[in-house]
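A closer look at the structure
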Amino acid sequence: MALLACPVCGAPLSALPGDAGLRCPAGHSSDRARQGHVTLLPPGHTPPTGDTAAMVADRAEVLSAGTYAGLTRVLADQVAAGDGPVDAVLDLGGGTGHHLAGVLDRLPDAVGVVLDSSRYAARRAAGISPRVLAVVADTWARLPVRDAAVDRVTVVFAPRNGPETARVLRPGGRLVVVTPAPDHLAELVRPLGLLRVDPDKEARLAASLEPHLVPAGRVRHREELDLDRGTVATVVGMGPHARHLTPERLAAAVTALPPRVCATLAVDVTTWTVPADAGGARP
């Protein structure tokens, strides 16, 4: 909780007695839900629509089954790389917190905060690890995190906020971003009518982060996934494709697939740092 800032005035937050919630010196307070997460949004602010309960359930099922374990490993590798200790990790748009928990398994002395606009995801993330705090927040707005508070920021298949990421990173800190490569799940795109990966995604990523951050490395991870029809349905259901396919259409398309499908998990993992000359110009 010491990493967090008031969503109204930006002041540090402290815990209320009995773990009831958080309060800043100005008296702005936020309750802690019985599931364990906190909501840090300015009064009247509505964040973008987050994942639905069904999407979050599918995500939890796929991740707990280890389907994306390879992705978590390469993410942890990149987070652990670099000089200096890693004591605090912020996962933006982190959903259920599964990837963050995997990263913390590699960093036994670190703690993490997962921010997501979906309250359904935050409920799941609240129980993922005793070293993870789940927060409902708008990652497009000012983050409820103190200046220069974290060593690493991770973004896995989620929006990037360049100015705010640069603000919350400590000197020498890093942002690690995971984005789908052009051939990600390519074997499922045509038969299921899925969204195609934007060929200009890499350029759009750079545009969203520069000049607040500068590139420091890039790794491509590819592996073949052996999926049954049920897993295909949950993989599709947990992502943006779920917003473009009715359950009936998805079920019919999956039924037409062979009993087992080989699909490519292909992602780009890029690392970014705050420019050395940022100095007092940090946003």
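Some remarks on the pairing of strand β8 (residues 150-156)
A large share of β8 lies buried, amounting to seven of its seven residues. As paired strands, strand β5 (residues 88-92) and β8 are joined by four bridges and run parallel to one another. Residue Leu92 lies in a different strand from β8, and its bridge partner there is Val155. Note that β8 and strand β9 (residues 169-180) share six bridges and pair parallel. The residue of β9 that forms the bridge with Val156 is Val178. Between the parallel elements β8 and β9, the chain passes through helix α5 (residues 162-168) in a crossover that is right-handed.

Examining the state of the cysteines
Under the counting rule described, the total for this entry stands at zero disulfides. In this structure Cys9 is a free cysteine whose sulfur lies 3.7 Å from that of Cys6, the closest cysteine sulfur available. Looking at Cys24, it has no disulfide partner, and the nearest cysteine sulfur is the one in Cys9, 3.8 Å off. On the basis of relative accessibility, which here comes to 4%, the residue Cys24 falls in the buried class.

Some remarks on the environment of Pro42
Position of Pro42 relative to the elements: it lies in the loop between β4 (38-39) and α1 (53-64). Here Pro42 falls in the partly exposed class, since its relative accessible area comes to 31%. As for Pro42 and His28, which are separated by 14 residues in sequence, their C-alpha atoms are 9.7 Å apart.

Parameters and conventions
- Residues numbered from 1 in each chain as written.
- Predicted model: local features only at pLDDT ≥ 70, side-chain atom pairs only at ≥ 80, totals over all residues.
- Heavy atoms only, no water.
- Buried < 20%, exposed > 50% of the residue type's maximum accessible area, 1.4 Å probe, protein only.
- Helix = DSSP H or I, 4+ residues; strand = E, 2+ residues; numbered from the N terminus.
- Pairing = 2+ DSSP bridges.
- Right-handed = clockwise from strand over helix to strand, strands pointing away.
- Disulfide = S-S within 2.5 Å.

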